[in-house]
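The chain contents come next:
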Amino acid sequence: NAGVTQTPKFQVLKTGQSMTLQCAQDMNHEYMSWYRQDPGMGLRLIHYSVGAGITDQGEVPNGYNVSRSTTEDFPLRLLSAAPSQTSVYFCASSYSNRGGLNTEAFFGQGTRLTVV
Amino acid sequence: KQEVTQIPAALSVPEGENLVLNCSFTDSAIYNLQWFRQDPGKGLTSLLLIQSSQREQTSGRLNASLDKSSGRSTLYIAASQPGDSATYLCAVMGTGRRALTFGSGTRLQVQP
């Protein structure tokens, strides 16, 4: 059981470079989301998706794009990296059971990104 | 906009003490509340999930309660151990979106 897999685990970018953080889940979860974690600020929601083809913005979406072409994958794209995007990024997934209750969220191990 | 606050921000206790971590949220329209543990440099481990219709959940030495109407949850840790040292995060899933809003966490240190 792989759960939620994030790649890469570590990345250093130069200002202005672009890159994609990968997130994949093998649990057939319909809900997926991206968060960033900065010291002393907890986790903040960047983008989320309630199913394939459906995405929406969270609290801090600027500078990031997402797409959800399949249920399994939810990549996060940094368009033009800035030092302010230095952070740890977490991807999560969950689903609604037959009773309509949302299950616990499962998190990947994170990607530590440094922009210089 | 949902806001989640955790008090205290840091806590240091001797081994064996029972302790309570507090979480409050501003919007009671939630699907559920989840408590996580995070070790330094690591990911999040889910501890307990409380659905909006529930009052409490228990797992081993952990007990979490939820009072949705007052916007409060507590995590009770019985007979604390040095291995409990970590940051504890509270998060709520609002009915407006299927994603979590997090508090800033409580950093717990249990002294041997």
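Residues numbered from 1 in each chain as written. Chains lettered and ligands numbered in written order. Predicted model: local features only at pLDDT ≥ 70, side-chain atom pairs only at ≥ 80, totals over all residues. Heavy atoms only, no water.

Participant: Please clarify how the sheet that holds strand 8 (residues 76-78) of chain A should be interpreted in this entry.
Facilitator: All names here are of chain A. With respect to topology, four strands assemble into an open sheet ordered 1-3-8-7, the strand pairing being antiparallel. Among the strands making up the open sheet, the edge pair consists of strand 1 (4-7) and strand 7 (64-66). Averaged over neighbouring strand pairs, the angle between their axes works out to 20 degrees when direction is ignored. In the sheet, strand 3 (residues 19-25) pairs with strand 8 via three bridges, with the strands oriented antiparallel. (Pairing = 2+ DSSP bridges. Helix = DSSP H or I, 4+ residues; strand = E, 2+ residues; numbered from the N terminus. Axes fitted to C-alpha atoms, helices over the stretch in contact; angles between N-to-C directions.)

Participant: What's the story with the interface of chain B and chain A in this structure? I'm lost.
Facilitator: Often, the extent of an interface is quoted as the loss of accessible area upon association of its parts. Across the contact, 22 residues belong to chain B and 27 residues belong to chain A. Approximately 1800 Å² of surface area, both sides summed, lies buried where chain B meets chain A, with 54% of it carried by carbon and sulfur atoms. Where chain B touches chain A, the interface holds one salt bridge. Between B:Arg97 and A:Glu59 there is a salt bridge whose closest N-O contact spans 3.6 Å. At the junction of chain B and chain A, the tally comes to nine residue pairs in polar contact (both at pLDDT 80 or more). Elements represented by at least two residues in the side of chain B that touches chain A include exactly strand 4 (30-38), strand 5 (44-51), strand 9 (86-94) and strand 10 (100-102) of chain B. Considered class by class, the residues forming the side of chain B that touches chain A number eight nonpolar, 11 polar and three charged. (Contact = heavy atoms within 4.5 Å. Buried area = accessible area lost by both parts, 1.4 Å probe. Salt bridge = Lys/Arg side-chain N within 4 Å of Asp/Glu carboxyl O. Polar contact = N/O pair within 3.5 Å; in protein donor to acceptor, adjacent residues only side chain to side chain. Nonpolar A, V, L, I, M, F, W, Y, C, P; charged D, E, K, R; others polar.)

Participant: Quick question: what am I supposed to make of the nonpolar core here?
Facilitator: Generally speaking, soluble globular proteins have nonpolar side chains that are buried together. Counting 22 residues, the largest nonpolar core has B:Phe25, B:Leu33, B:Trp35, B:Leu75, B:Ile77, B:Tyr88 and B:Leu108 as the members making the most contacts within it. At the level of secondary structure, the elements contributing two or more residues to this core comprise strand 3 (19-25), strand 4, strand 5, strand 7 (62-67), strand 8 (72-77), strand 9 and strand 11 (106-111) of chain B. Leaving out residues up to four positions away in the same chain, B:Leu33 has contacts with B:Cys23, B:Phe25, B:Leu48, B:Leu49, B:Ile50, B:Leu66, B:Ser73, B:Cys90, B:Ala91 and B:Val92. One finds A:Val4, A:Val60, A:Tyr64 and A:Leu113 within the second-largest nonpolar core, a separate group that totals 19 residues. (Core = buried A, V, L, I, M, F, W, Y, C linked by side-chain atoms within 4.5 Å. Buried < 20%, exposed > 50% of the residue type's maximum accessible area, 1.4 Å probe, protein only.)

Participant: What am I meant to see in the sheet that holds strand 8 of chain B here?
Facilitator: Backbone hydrogen bonds hold the strands of a sheet together, and the pairing may be parallel or antiparallel. Residues and elements named next belong to chain B. A sheet is described by the order of its strands in space; here five strands give the open sequence 1-3-8-7-6, paired in antiparallel fashion. Looking at which strands have only one partner, the edges of the open sheet turn out to be strand 1 (4-7) and strand 6 (56-59). Within this sheet the neighbouring strands show an average axis-to-axis angle of 15 degrees, counted without direction. Sheet topology note: the strand 3/strand 8 ladder contains six bridges and is antiparallel. Pairing of Leu 19 across the sheet is with Ile 77, part of strand 8.

Participant: Would you mind going over the packing of aromatic side chains with me for this structure?
Facilitator: For any pair of aromatic rings, geometry is given as the distance between the ring centres together with the angle between the planes. Evaluated as defined, the whole model comprises six aromatic pairs over all chains. Between A:Phe107 and B:Phe36, the aromatic rings sit 5.3 Å apart at their centres with planes inclined by 85 degrees, giving edge-to-face as the arrangement. With one member in each of two chains, A:Phe107 in strand 10 (residues 106-107) and B:Phe36 in strand 4 form a pair that bridges those chains. Classification of A:Phe107 by relative accessible area gives buried; the value is 9%. Between A:Phe107 and B:Phe102, the ring centres sit 6.0 Å apart and the planes meet at 75 degrees, which makes this aromatic pair edge-to-face. You can see A:Phe107 sitting in strand 10 and its partner B:Phe102 sitting in strand 10, one on each of two chains. Put simply, the rings of A:Tyr35, A:Phe107, B:Phe36 and B:Phe102 pair up and form one aromatic cluster. Directly above the ring of A:Phe74 sits A:Arg68, whose terminal nitrogen or CZ lies 6.0 Å from the centroid. (Phe/Tyr/Trp six-rings, centres within 6.5 Å; stacked < 30°, edge-to-face > 60°. Lys NZ or Arg CZ within 6 Å of the ring centre and 35° of its normal.)

Participant: Mind showing me how you'd approach the pairing of strand 7 of chain B here?
Facilitator: On a regular strand, each side chain points to the face opposite its neighbour's, so the side chains alternate between the two faces of the sheet. Residues and elements named next belong to chain B. Alignment of strand 6 against strand 7, held across four bridges, turns out to be antiparallel. Among the inter-strand pairings, Thr 58 is bridged to a residue of strand 7, identified as Asn 63. Connecting strand 6 to the antiparallel partner strand 7 that follows it, the hairpin turn spans two residues, and Gly 60 within it adopts a positive phi of roughly 60 degrees. As judged from the six bridges shared by strand 7 and strand 8, these two strands associate in the antiparallel manner. By the bridge assignment, Asp 67 is partnered in strand 8 with Arg 72. The loop that links strand 7 with its antiparallel partner strand 8 comprises four residues; one of these, Gly 71, has a positive phi angle of about 70 degrees.

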